[in-house]
Amino acid sequence: MANLTSVSGFLLVGFSADRKLQILHALLFLMTYLLALTGNLLIITITTLDHRLHSPMYYFLKHLSFLDLCFISVTVPQAIANSLMNNGYISLDQCILQVFFFIALASSEVAILTVMSYDRYVAICQPLQYETIMDPCACRHAVIAAWVAGGLSGLMHAAVNFSIPLCGDKVIHQFFCDVPQMLKLACSYEFINEIAVAAFTTSTAFICLISIVLSYIRIFSAVLRIPSAEGRTKVFSTCLPHLFVVTFFLSAAGFEFLRPPSDSQSAMDLMFSIFYTVIPPTLNPVIYSLRNEAMKAALRKTLSKEEFTQRKMHLKAIFKL
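Keep in mind it's a predicted model, so treat the numbers as computed, not measured.

With the rule as written, the count across this model stands at 11 aromatic pairs. Seen in terms of ring centroids, Phe102 and Tyr276 are 6.1 Å apart; in terms of plane orientation they differ by 65 degrees. Their pairing is edge-to-face. In this pair, Phe102 sits in helix 3 (residues 92-125) while Tyr276 sits in helix 9 (residues 267-277), placing the two residues 174 residues apart along the sequence. Relative accessible area serves as the criterion here: at 4%, Phe102 is assigned to the buried category. Under the relative-accessibility criterion, Tyr276 is labelled buried at 1%. An aromatic cluster of at least three residues, connected via ring pairs, comprises Phe29, Phe71, Phe102, Phe175, Phe176 and Tyr276.

The structure is reproduced here in structure tokens:
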């Protein structure tokens with residue numbers, strides 16, 4: 001990383017140079033961010049307070065919500081501030097941290113989604129062994145492995161990406177430090193190491209995708225053998241939201257990272273970056289809540305006046321002690 005001293009920062013070129021459109025983008029991003037913040041915090045709170053949701057599926061969902069909360073916080077607040085201040089400058093240190101956390105959280109999310117699909121496979125296809133396989137210790141180890149794998153992925157991308165000499169202007173045609181866009185600034189002969197790291201990360205994501213697909217092939221084959229329509233509906237209500245989240249997130253991210261690079265700014269780049277950076281963390285709480293009867297019942301219970309009064313009295317008793 002010898003060339004870092006020669007780089008002072010980058011200019012993020014967002015959606016528009018028009019001041020009114022910049023304010024409009026900031027307001028839309030602010031509304032989306034607050035929605036994502038509220039939804040994911042609500043899921044974390046509900047799955048923590050309601051003892052009926054202390055199962056592996058909701059344990060992984062809580063960590064997914066926390067990942068989504070962190071993931072959208074890496075890029076959107078910075079984009080809002082840049083639009084409001086009409087200043088797209090981002091320092092080198094900020095850009096390094098943004099790349100690290102963005103890649104780390106995205107990789108951890110893919111890993112968590114893979115673990116969640118395996119959890120559904122064991123619950124549906126091997127119900128008698130479910131409590132043995134998905135015991136609390138195994139769940140904790142799976143989550144720790146997902147976080148560690150994501151951190152290592154982010155560290156590799158940040159270290160390699162910012163060790164590449166830059167030959168172009170330090171202008172990134174994105175609202176955040178996006179790795180594919182940053183590679184356009186690199187000398188054409190110098191980014192082979194980043195390509196190797198990206199190939200490794202893509203291969204790992206592809207293995208996760210294959211694992212998810214195989215899990216759901218077995219799940220759906222087992223579901224179709226369930227005689228009662230009510231049983232099939234219950235299974236689909238827990239599996240389809242997860243399948244939709246996986247498909248949406250991986251397809252948008254895969255399209256952005258795997259398509260050939262272009263030298264010109266494209267509205268398609270911004271569109272697909274929103275699809276995998278902003279939309280999934282915002283929609284995930286809505287998807288999991290609307291299709292899950294247990295989540296809806298827990299939400300009604302948590303927001304009920306009686307439950308609120310009981311928890312308030314419980315907190316007062318704790319503080320008196």
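Alright, that's what it looks like, and here's the rest.
On to the pattern of salt bridges, then. Taken as a whole and judged by the stated rule, the model has two salt bridges. In this structure, the salt-bridge partner of Asp50 is Arg52, at a minimum N-O distance of 3.0 Å. Relative accessible area serves as the criterion here: at 4%, Asp50 is assigned to the buried category. On the basis of relative accessible area, Arg52 is assigned to the exposed category, the value being 55%. Arg120 is the partner of Asp119 in a salt bridge, and the nearest nitrogen-oxygen pair spans 3.0 Å.

Next up on the list: helix 3. Spanning 34 residues, helix 3 covers 49 Å between terminal C-alpha atoms, matching the ideal 50 Å at 1.5 Å per step. Within helix 3, 26 of the 34 residues are buried, leaving the element largely enclosed by the surrounding structure.

Across the sheet, which stays open at both edges, the three strands sit in the order 2-1-3 with mixed pairing between neighbours. Here the strands that pair on one side only, and so sit at the sheet edges, are strand 2 (89-91) and strand 3 (171-172). In this structure, strand 1 (residues 9-12) lies alongside strand 2, joined through three bridges in antiparallel fashion. Residue pairing across strands places Gly9 opposite Ser91, the latter belonging to strand 2. Together, strand 1 and strand 2 form the strand contacts of helix 3, whose direction differs from that of strand 2 by roughly 80 degrees.

Disulfide: a covalent bond connecting the sulfur atoms of a pair of cysteines. If you walk through the whole model with that rule in mind, you get one disulfide. The disulfide bridge from Cys95 ends at Cys177, spanning 2.0 Å between sulfur atoms. Of note, the bridge from Cys95 to Cys177 carries an S-S torsion of about -130 degrees and is left-handed in sense. Of the two residues, Cys95 sits in helix 3 while Cys177 sits in the loop between strand 3 and helix 6 (179-183), which places them 82 residues apart along the sequence.

Our next topic: unusual backbone geometry. At Asn86, a residue that is not glycine, the phi angle is positive and equals roughly 55 degrees. As for its placement among the helices and strands, Asn86 is situated in the loop between helix 2 (56-85) and strand 2.

Parameters and conventions
Residues numbered from 1 in each chain as written. Predicted model: local features only at pLDDT ≥ 70, side-chain atom pairs only at ≥ 80, totals over all residues. Heavy atoms only, no water. Phe/Tyr/Trp six-rings, centres within 6.5 Å; stacked < 30°, edge-to-face > 60°. Helix = DSSP H or I, 4+ residues; strand = E, 2+ residues; numbered from the N terminus. Buried < 20%, exposed > 50% of the residue type's maximum accessible area, 1.4 Å probe, protein only. Salt bridge = Lys/Arg side-chain N within 4 Å of Asp/Glu carboxyl O. Expected span 1.5 Å × (residues − 1). Pairing = 2+ DSSP bridges. Contact = heavy atoms within 4.5 Å. Axes fitted to C-alpha atoms, helices over the stretch in contact; angles between N-to-C directions. Disulfide = S-S within 2.5 Å.

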